[in-house]
Amino acid sequence: MFLTDDHLHTRFSFDGKADPEDVCRQAIGRGLSEICITDHMDIYSDQPYTYQLDCENWKKTMDDLKEKYRGKLLVHVGIELGQPQINPKQARIFMEKYSMDFIIGSIHNIENDLDIYYCDYKNMDIRKFYSHYIDWLMELAKNYDFDVMGHITYPSRYILEQTGTAPDMTEFYDRFRQLFKCVIEKGRGIELNLSGLARGGGKPMPEEDLLKLYRECGGEIITVGSDAHVASQVGTISKAGQEILAGAGFRYITWFEERKAYFERI
Ligand SMILES: [Zn+2]
Ligand SMILES: [Zn+2]
């Protein structure tokens, strides 16, 4: 089984603790064939792209790791690009300056750089908010460069944590269908983000019904990621991820090198 973990954070992420070397060692220990380290590059409305990431140090460390583990583990250098539409110029400068294997396009923050983690879901119209979040995903899908879209049901995690109830996604199926069509037309994909499982107690993002919908829309490009921020979680969900995908009708998982998709049979 070709096991992958293509969503990983290290100490180069503002919220990461993992030593990059430990991430590689852990991946080898768990029998993984391939990993991609995807530290955060969140884009802010009034900050340069260098605001959170020590870019030169990060890139050199990652390129060195790739060389060091050649023949033992496929190590790829990626980034989780957050909301490029909030400041397209800064996002473009970063993307042009650094060559990478893989880009996850995510939405963490919305208007006024509001991190959706901080929203008060108990006192809001959740349907309206979710629809708005999907607008942000649509804008990302239509106009920005990435390989897979990250954790497309991200608000569900916080809504469940705060209110104790998972939002009903069936009412957004038409919107997600549109989103998937746009992503697929552009030759891109989505990820199966298993941060909930890696940390314990959470749900896959997206859950199986939306994975099936993506598959029905013709979606084939899909990566698996733990979204680990500590080394001990690296690769813990790689097998489970492939089982979830097989259950949703996928026959292949995807990984990327130099922005090109490679497929491995599940
Ligand atoms: Zn994220
Ligand atoms: Zn992440």
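Provided above is the structure to which this section pertains.
None of these values were measured; they are calculated from a predicted model.

Conventions and cut-offs
Residues numbered from 1 in each chain as written. Chains lettered and ligands numbered in written order. Predicted model: local features only at pLDDT ≥ 70, side-chain atom pairs only at ≥ 80, totals over all residues. Heavy atoms only, no water. Donors = N, O, S within 2.8 Å, 3.2 Å for Na, K, Ca; no water. Helix = DSSP H or I, 4+ residues; strand = E, 2+ residues; numbered from the N terminus. Buried < 20%, exposed > 50% of the residue type's maximum accessible area, 1.4 Å probe, protein only. Polar contact = N/O pair within 3.5 Å; in protein donor to acceptor, adjacent residues only side chain to side chain. Contact = heavy atoms within 4.5 Å. Arc of directions from axis to C-beta. Tetrahedral: all angles 85-135°; square planar, octahedral: opposite > 155°, others 65-115°.

A. Spatial organisation of the coordination of the zinc ion (ligand 1). Donor atoms from the polypeptide that coordinate the zinc ion (ligand 1) comprise Glu80 (OE), His108 (NE2) and His151 (NE2), at 2.1 Å from the metal. Between the zinc ion (ligand 1) and the zinc ion (ligand 2), the interatomic distance is 3.4 Å, and glutamate 80 donates to each metal, bridging them. Here the residue glutamate 80 occupies a position in strand S3 (residues 74–82), and histidine 108 occupies one in the loop between strand S4 (102–106) and strand S5 (109–110), the gap between them amounting to 28 residues. Summarising the burial analysis for this pair, glutamate 80 and histidine 108 share the class buried.

B. Layout of the side chain of histidine 9. By secondary structure assignment, the location of histidine 9 is in the loop between strand S1 (4–8) and helix H1 (20–29). Here threonine 38 takes part through its backbone oxygen, which lies 3.3 Å from a polar atom of the side chain of histidine 9. Not counting residues up to four positions away in its chain, the partners in contact with histidine 9 are Ala18, Thr38, Asp39, His40, Glu80, Asp227, Ala228 and His229.

C. Examining helix H8 (residues 208–216) more closely. Of the residues making up H8, those classed as buried are Leu210, Leu211, Leu213 and Tyr214. The buried residues of H8 occupy one face: seen down the axis, they fall within an arc of 160°. Residue glycine 218 follows H8 closely and has a positive phi angle near 100°.

D. Just the coordination of the zinc ion (ligand 2), in detail. Summarising the metal site, the zinc ion (ligand 2) is bound by the protein donors His7 (NE2), His9 (NE2), Glu80 (OE) and Asp227 (OD), whose distances to it range over 2.1 to 2.3 Å. Bound by 4 donor atoms, the zinc ion (ligand 2) shows angles of 82 to 170° at the metal and therefore irregular coordination geometry. Donor residues for the zinc ion (ligand 2), ordered by position in the chain, follow H-x1-H-x70-E-x146-D.

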